[in-house]
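# Inside the fold
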Amino acid sequence: MNRERKLIKIFIFTILFFPLIFLFLEISFLVFNKSNNKFVPATIYDPLTGWRNNCSNKEINPENLDFLICDENGFIKTPFETKNNLKKDNYGILLLGNSVAMGEGLYGFNNEKTFASQLEKHLRAEDSSIDVINAAYSGFNTWQEHVEAKRYLNSEPFHNNLPSANLIVSFGGIQDFWNFVRLLSTSKNGYKKKYSLA
């Protein structure tokens, strides 16, 4: 009988006490955590590609937070940005790809450690007219890269601070491979028979 009373006390204590503690912690986190207003979702919906990098409130990164800095056009910032009067003098390289080209995981330091920034730094050492535009986004496959290239080529003439794309570089493709593996790994389709070597 005494054991049953102890079990009932523990059960009631668990049902009442733990939810109150969690509620108190949640409220105190909301009250005392003033930094939660500077974080925005990493991606936003895009009707053409499905998602894009969310660049709202990401023009500066003074505290080296976990996101990459965007330029005023919504691309991942590189060290050199075209000015209005230099547009015709620059050699634009449009970089497309997935998270590696985007610089995912290399946050802070004014994006200086990303692949695009390193590429631009080394190319500008040889030719100062080169401007790399980082239009890569995490998880993009080749058709999404194609959409981004078309979007850039169609919008570039209307923006004075975007250089003409003289060269388009696709630094990706691994997403296509993983999508193909995923397609073959599902047992409910007949694709496995068609690709006998897979």
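Look up: the structure comes first, before these words.
Below: a short report on this structure.

## Brief notes about the overall build of the protein chain
Of regular secondary structure, the protein chain possesses 6 helices and 5 strands. Order of helices (α) and strands (β) in the protein chain, N terminus to C terminus: α-β-β-β-α-α-β-α-β-α-α. Burial analysis of the protein chain (198 residues in total) assigns 32% to the buried set. Here the contacts in the protein chain between residues at least 6 apart in sequence split such that 66% fall between residues at least 24 apart. Put simply, the protein chain shows about 13200 Å² of open surface, and 63% of that area lies on carbon and sulfur atoms.

## Section: the environment of Phe75
Within the secondary structure, Phe75 is located in the loop between β2 (50-53) and β3 (91-97). Relative accessible area serves as the criterion here: at 7%, Phe75 is assigned to the buried category. Here the alpha-carbon distance between Phe75 and Met102, two residues 27 residues apart in the chain, equals 9.4 Å. Other than its neighbours up to four places away in sequence, Phe75 contacts Ile69, Cys70, Ile133, Asn134, Ala135, Tyr137, Tyr152 and Leu162.

## Focus: the nonpolar core
Of all hydrophobic cores here, the largest spans 12 residues; its members are Cys55, Leu68, Cys70, Ile76, Ile93, Leu95, Ala101, Met102, Ala116, Ile130, Val132 and Ala136. Residue assignment for this core shows that the elements contributing at least two residues are β3, α2 (99-102) and β4 (130-134). Not counting residues within four places of it along the chain, the set of residues in contact with Met102 comprises Asn53, Leu68, Ile76, Thr114, Asn134, Ala136, Tyr137 and Ser138. The next biggest cluster of nonpolar side chains, apart from the first, holds 10 residues, and it includes Ile133, Ala135, Tyr137 and Ala149.

## Structural notes on the pairing of strand β1 (residues 43-46)
With 4 bridges joining them, β1 and β2 adopt antiparallel strand pairing. Looking at the pairing, Thr43 lines up with Asn53 of β2. As consecutive antiparallel partners, β1 and β2 are separated by 3 residues.

Criteria and cut-off values
- Along each chain, the written sequence defines residue order, and numbers are assigned to residues from 1.
- Per-residue local features are limited, in this predicted model, to residues with pLDDT of at least 70; the limit for side-chain atom pairs, both in listing and counting, is 80 or more; totals at the level of whole chains, interfaces and linings are taken over all residues.
- The basis for the side-chain values is all heavy atoms of the structure; hydrogens and waters are excluded.
- Runs of E in the DSSP output that reach at least two residues are strands. Runs of H or I that reach at least four are helices, and both are numbered from the N terminus.
- Categorising residues by exposure relies on relative accessible area from a 1.4 Å probe, with only protein chains included: less than 20% of the type maximum marks a residue as buried, more than 50% marks it as exposed, and the intermediate range marks it as partly exposed.
- Residue contacts are counted whenever heavy atoms from the two residues lie within 4.5 Å of one another.
- Accessibility throughout is a Shrake-Rupley quantity obtained with a 1.4 Å probe, and a residue counts as covered only by protein chains that appear here.
- Residues belong to a common nonpolar core when they are buried Ala, Val, Leu, Ile, Met, Phe, Trp, Tyr or Cys residues joined through side-chain atoms within 4.5 Å.
- Here a strand pair is declared whenever DSSP counts at least two bridges between the two strands.

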